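# Structure at a glance
In case you want the letters, here they are:
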Amino acid sequence: MSVLVTGGAGFIGSHTCVELLNSGEEIVVLDNFCNSKPEVLDKIRQLTGKDFKFYEVDLLDPDGVEKVFAENDIEIVIHFAGLKAVGESVQKPLKYYHNNITGTLILCEAMKRHNVKKIVFSSSATVYGNPHTVPIKEDFPLSTTNPYGSTKLMLERILTDLNVADPEWNVTLLRYFNPIGAHKSGLIGENPNGIPNNLMPYICQVANGTLPRLNVFGDDYPTPDGTGVRDYIHVVDLAVGHVKAVERARELDGVNIYNLGTGTGYSVLDIVKAFEKANNLKIPYVIAPRRAGDIPACYADPTKAKEVLGWEAQYGIEEMCRDSWNYMLKQKEN
C-alpha cells in the first residue's frame, strides 16, 4: 500500500516525500512541473536512498489520473497539487478556480472509483480570512479575502460533504501557515519559476543579486512595525506534520482539522532582520503599496496538533533563515 503525493515535486511536497520515505512509507508521486522542477525527484532519492514511482500528470487530465490509481495500490492521498499565489489569484480568478477545484474533483472521482477514501488535504490559514483575533484556533469563523483562499475553503467543504455523504471518507484538513526554510542539506528548497510571490525566496533572490531590492507590501497595517505579521514555519516541521497526519488518519475516522504553525507571529521586517543576522548580509528594501487580498496579522494556536497528532514545530526563525540561504547558495554552486 502506498501514499500518493500529488504535487510531490513542489516545495512542501518534496520535503514531505523525504520525511515519508524516511519514516518507512511507500510513496507514489504525481506532478506536472508547473511550479517545480524534475531534478527535485532525484534529490529526494539522493536524500533518502530510496526509490519511488513518479507520474508526470496534470490533475486536469482524467485519463492520466486514472492511470496512476489503476497501476498502484494506493491507501491514502496527500493532496498538495494546486496554484498558490494570492496576488495572481486576484488577477486570474478563473484560472485558480478551474485548476484547484476541478483538479481536486477529478482526483476525488478517481479515488472513489478505486475505493481510496483517505485524504490529507493541503489547506491554508487563508480560510480564516481576516481573523477577528489572534492566535487562530481551528473553530474560528471561516471566510476568505482572495480567490486562492476561496478555492481552499471550497475544497474543505467539498471534502467534508464527501464524508457526510459517505462516512467511510476519512478527511484530514491541514491548515498551515507560512512555510519557509529548506532541507539542511541544501539539496531541496523553495525555488519558484519567475519572480517569487513568497517572502523568503524573494529575500534570497535579493541577497544573491538576482533582484535589486525587496518590495515590502505595506507599512501601514495595525501591527507593531506596520508590516504584515505571519506565522512562519520551517518546511521540515511542516513535512513531519504530514507524516503524523497520515499515521493518525489510519486510526481516526471522520473529518479532522489541524493548524500547523509555530504559534508565533513575525512581521516582514522581523524576517528581514532575522535573515540579515543569521547570514551576516544586508537586504535592501523599499516600501510598496499593499497587495490586494493581504491581511494585517495571522498566526496559529497549534495546541490541537500537539495534543492529537503529537506534533509541534522544532525550528526557530534563525534556523529557517539560515537553511533558506544555504539552499540558495547550493543552487549557485550547481
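It should be noted that the structure appears before, not after, this text.
Here goes a summary of the coordinates provided. As the structure is a computational prediction, the values presented were derived from the model and not from experiment.

This part takes up the packing of aromatic side chains. Under the criterion given, the structure shown has 2 aromatic pairs. When the centroid spacing of 5.3 Å and the interplanar angle of 35° are considered together, the rings of F33 and F54 count as tilted. One end of the pair, F33, is in the loop between strand 2 (27-31) and helix 2 (39-48); the other, F54, is in strand 3 (residues 53-56), with 21 residues separating them in the sequence. Both rings, one in F275 and one in W325, keep their centres 5.9 Å apart while their planes meet at 75°; by these two values the pair is edge-to-face. Of this pair, F275 sits in helix 9 (residues 268-279) while W325 is found in helix 11 (residues 317-333), placing the two residues 50 residues apart along the sequence. When its relative accessible area of 0% is taken as the criterion, F275 is described as buried. Sitting above the plane of the Y221 ring, R290 keeps its charged end 4.0 Å from the centroid.

Structural remark: α-helix, 3.6 residues per turn; residues separated by three or four positions point the same way. For helix 1 (residues 11-22), which comprises 12 residues, the first-to-last C-alpha distance of 17 Å matches the rise-based estimate of 16 Å (1.5 Å per residue) to within 8%. Across the 12 residues of helix 1, 11 count as buried, placing the element largely inside the fold. Of all the positions in helix 1, only F11, I12, G13, S14, H15, T16, C17, V18, E19, L20 and L21 are classed as buried. Within two residues after helix 1, G24 carries a phi angle of roughly 95°, on the positive side.

Counting buried residues in strand 11 (residues 255-260) gives 5 out of 6 residues, a clear majority hidden from the surface. As judged from the 6 bridges shared by strand 6 (residues 170-176) and strand 11, these two strands associate in the parallel manner. For L173, the partnering residue across the bridge sits in strand 11 and is I257.

Calculation rules
Residues numbered from 1 in each chain as written. Predicted model: local features only at pLDDT ≥ 70, side-chain atom pairs only at ≥ 80, totals over all residues. Heavy atoms only, no water. Phe/Tyr/Trp six-rings, centres within 6.5 Å; stacked < 30°, edge-to-face > 60°. Helix = DSSP H or I, 4+ residues; strand = E, 2+ residues; numbered from the N terminus. Buried < 20%, exposed > 50% of the residue type's maximum accessible area, 1.4 Å probe, protein only. Lys NZ or Arg CZ within 6 Å of the ring centre and 35° of its normal. Expected span 1.5 Å × (residues − 1). Pairing = 2+ DSSP bridges.

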